[in-house]
Amino acid sequence: MGFKAGGVDITPQGSEYPALMRALSASGAARAVGEDAAIAAELAPYAAQLDTFRHAPIGATAAENLVRGSATDPGPVIADAYRAAVPGARAALLMPGNVRADLFQGVLTLGQIMGVLPFGNTLVALELTGEQLKSALEDAAEFKLKVRPADTLDMRRVTVLH
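Numbering of residues starts from 1 in each chain and follows the order in which that chain's sequence is written. Selection of residues for local features in this predicted model requires a pLDDT of at least 70, selection of side-chain atom pairs for listing and counting requires 80 or more, and totals for whole chains, interfaces and linings are taken over all residues. Side-chain measures here rest on the full set of heavy atoms in the structure, leaving out hydrogens and waters.

Caption draft 1: Quick peek at a nonpolar patch on the surface. On the surface, Ile39, Leu43 and Tyr46 cluster together into a nonpolar patch covering about 340 Å² of accessible area. Mapped onto the fold, tyrosine 46 is located in helix α2 (residues 37-54). According to the relative accessible area criterion, tyrosine 46 is exposed, its value standing at 55%. Candidates for patches are residues over 30% relative accessible area with no salt bridge; among them, like charges are joined within 9 Å and nonpolar side chains (Val, Leu, Ile, Met, Phe, Trp, Tyr) within 5 Å. For every accessible area listed, the method is Shrake-Rupley and the probe measures 1.4 Å; residues are considered covered only by the protein chains on display. Counted as salt bridges are all cases of a side-chain nitrogen of Lys or Arg within 4 Å of a carboxyl oxygen of Asp or Glu. In DSSP terms, a helix is any run of H or I states spanning at least four residues, a strand is any run of E spanning at least two, and both are numbered starting from the N terminus. Throughout this description, buried means an accessible area under 20% of the type-specific maximum (1.4 Å probe, protein chains only), exposed means over 50%, and partly exposed covers the range between.

Caption draft 2: Molecular detail of the environment of leucine 66. Within the secondary structure, leucine 66 sits in the loop between β3 (57-62) and α3 (75-85). Through-space distance from the C-alpha of leucine 66 to that of aspartate 102 is 5.7 Å; in sequence the pair is 36 residues apart. The residues contacting leucine 66, other than those within four sequence positions of it, are Thr72, Pro74, Val77, Asp102 and Leu103. Here, residues are in contact when the closest pair of their heavy atoms is within 4.5 Å.

Caption draft 3: The side chain of threonine 109, seen in detail. Its place among the elements puts threonine 109 in strand β4 (residues 106-109). Side-chain polar atoms of threonine 109 contact the backbone oxygen of arginine 54, separated by 3.1 Å. Apart from residues no more than four positions distant in its own chain, threonine 109 is found in contact with Arg54, His55, Ala56, Pro57 and Ile58. By the criterion applied in these results, polar contacts are pairs of N or O atoms within 3.5 Å in which, for protein atoms, one can donate a hydrogen and the other can accept it, and in which residues neighboring in sequence qualify only through two side-chain atoms.

Caption draft 4: Seen up close, the pattern of salt bridges. Throughout the structure, instances matching the rule amount to 4 salt bridges. For arginine 83, the salt bridge identified is with aspartate 80, shortest N-O distance 3.5 Å. Of this pair, arginine 83 and aspartate 80 both sit in helix α3, 3 residues apart, roughly one helical turn. Glutamate 138 is the salt-bridge partner of lysine 134, the closest N and O atoms lying 3.4 Å from each other. Of this pair, lysine 134 and glutamate 138 both sit in helix α5 (residues 130-147), 4 residues apart, which is roughly one turn of the helix. Given the relative accessible area of 44%, lysine 134 is considered partly exposed.

Geometric values such as these leave the question of function open.
The following block contains the structure:
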């Protein structure tokens, strides 16, 4: 039994685990229970299917680590894939909050992609004027500067369309 907290794996073997479990139990918000062997046995065939699905390669390889919030953020790759999925599209916008995991160099799997984009989003195509697109980009930049003023806009992540 283990879980993730703030991007850190918390496992029974970790030094933080006992203190976290004591605090959780003391809070009254939840309680930890051991694994039920009978239920685990019932779920084993499904867990095996899920494991097979998660490890299935998608036929693509990441040439480098794609790390959220860096110059190699996976967002532009996702936006390019969205744009490629709509014939004739000249731009694609992506809400950064939807990108939930990094992708690391090597063969990519279905499980990794599902971790990056875990939501059942729908791709929508819109016809916008240049002014509307400019306004949307300005709104996004203004919001980013208000929410995280210490961050700078990384212009390496912006594609200019002509």
